[in-house]
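These are the residues of each chain, in order.
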Amino acid sequence: MRDELMDNVDYYPDQYLNRLAHEGVNGLWLTVEFRDLAKTSYTPDAGKNSEKRLAKLKQTAEKCLRYGIRTYIFCIEPRAWDASNPVLKNYPEMAGASTGDGHYYFCPDSETSRKYLYESVNSIFKAVPELGGMINISLGERATICLTEDGQISCPRCSHKAPWEILNESLSAMEQGMHDVAPEAELISWLYMPQPQRFVTGDSYSLADWVY
Ligand SMILES: [Zn+2]
């Protein structure tokens with residue numbers, strides 16, 4: 001629960017990493033947000049402390065690697081936009097429908113949106129190619145893309161699409177941004193669906209086909 005990339009504490013002392021390695025641990029996840037780490041063509045004001053954060057991330061990734069532990073950035077991306085975010089004035093196509101609580105879902109339908117995702121991930125992996133990959137909770141934990149947790153799609157641009165298509169537009173842009181600089185890195189996309197009964201199509205407690 002700390003902003004560990006912004007302080008100078010070494011959270012991974014050698015003795016600790018040594019113990020983890022002997023327990024068979026070979027991966028670490030470290031929570032990040034794109035807007036903290038990446039300035040893009042569309043979000044020039046983002047990433048204010050990105051140099052410091054990326055340096056700490058790189059230092060952590062390198063240190064863990066000495067013990068055979070790969071570092072994965074863990075994120076819930078793309079984040080829904082704050083309704084007052086000035087980026088949306090210039091690029092309204094990046095916003096989908098309102099979330100109902102002062103935010104807009106991130107709409108991955110446009111070239112702008114996909115380039116934003118590509119640049120965000122690409123710049124992070126370019127700065128820290130030692131990363132093992134990215135674990136993304138693509139749906140269900142917080143508001144992200146136009147596909148919502150209960151399967152409803154109220155964005156006018158996305159409403160005619162199948163749920164998987166919306167996920168694919170978002171994830172493939174991130175995947176490409178990562179693999180163009182780190183071909184061996186892994187993208188793990190997790191759909192967090194703690195209430196499977198909300199996705200029932202026939203049999204109770206089975207997930208809808210599109211999930212797979
Ligand atoms: Zn949309």
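Residues numbered from 1 in each chain as written. Predicted model: local features only at pLDDT ≥ 70, side-chain atom pairs only at ≥ 80, totals over all residues. Heavy atoms only, no water.

**Student:** Quick rundown of the overall build of the protein chain? Include the residues and the values.
**Tutor:** Per the secondary structure count, the protein chain includes 6 helices and 7 strands. Reading the protein chain from its N end, one meets helices and strands in the order α-β-α-α-β-β-α-β-β-α-β-α-β. Its C-alpha atoms give the protein chain a radius of gyration of 18 Å, near enough to 17 Å, the size a compact globule of 212 residues would have. Judged by the C-alpha coordinates and their principal axes, the protein chain covers about 50 × 45 × 30 Å. For the protein chain, with 212 residues in total, the buried portion stands at 46%. Partitioning the contacts of the protein chain with sequence separation of at least 6, the portion at a separation of at least 24 is 68%. Entry remark: accessible area of the protein chain is about 11,300 Å², with carbon and sulfur atoms responsible for 48%. Charged side chains in the protein chain number 21 positive and 30 negative. The centres of these two groups are separated by 6 Å. (Helix = DSSP H or I, 4+ residues; strand = E, 2+ residues; numbered from the N terminus. Rg over C-alpha atoms; globule rule 2.2 N^0.38 Å. Buried < 20%, exposed > 50% of the residue type's maximum accessible area, 1.4 Å probe, protein only. Contact = heavy atoms within 4.5 Å. Areas by Shrake-Rupley, 256 points an atom, 1.4 Å probe, with all protein chains shown as cover. Lys, Arg positive; Asp, Glu negative; His and termini not counted. Charge placed at Lys NZ, Arg CZ, Asp CG, Glu CD.)

**Student:** Tell me about the coordination of the zinc ion, and name the residues and values.
**Tutor:** Those protein atoms acting as donors to the zinc ion are Cys 107 (SG), Cys 146 (SG), Cys 155 (SG) and Cys 158 (SG), and they sit at 2.3 to 2.4 Å. Coordination at the zinc ion comes from 4 donor atoms whose angles at the metal span 103 to 115°, giving a geometry best classed as tetrahedral. As a motif over one chain, the donors of the zinc ion read C-x38-C-x8-C-x2-C. On the criterion of sequence distance, the pair formed by Cys 107 in the loop between β5 (103-106) and α5 (111-127) and Cys 158 in the loop between β6 (133-139) and α6 (163-179) is long-range, its members being 51 residues apart. (Donors = N, O, S within 2.8 Å, 3.2 Å for Na, K, Ca; no water. Tetrahedral: all angles 85-135°; square planar, octahedral: opposite > 155°, others 65-115°.)

**Student:** Please provide a residue-by-residue account of the pattern of salt bridges, values included.
**Tutor:** The full count for this structure, using the stated rule, is 15 salt bridges. With its nearest N and O atoms 3.9 Å apart, the salt bridge here joins Lys 63 to Asp 14. With Lys 63 in helix α3 (residues 50-65) and Asp 14 in helix α1 (residues 14-22), this pair connects stretches of sequence that are 49 residues apart. Each of Asp 109, Glu 111, Arg 114, Arg 157, Lys 161 and Glu 169 takes part in a single network of salt bridges with overlapping partners. (Salt bridge = Lys/Arg side-chain N within 4 Å of Asp/Glu carboxyl O.)

Don't take any of this as a statement about function, it's just geometry.
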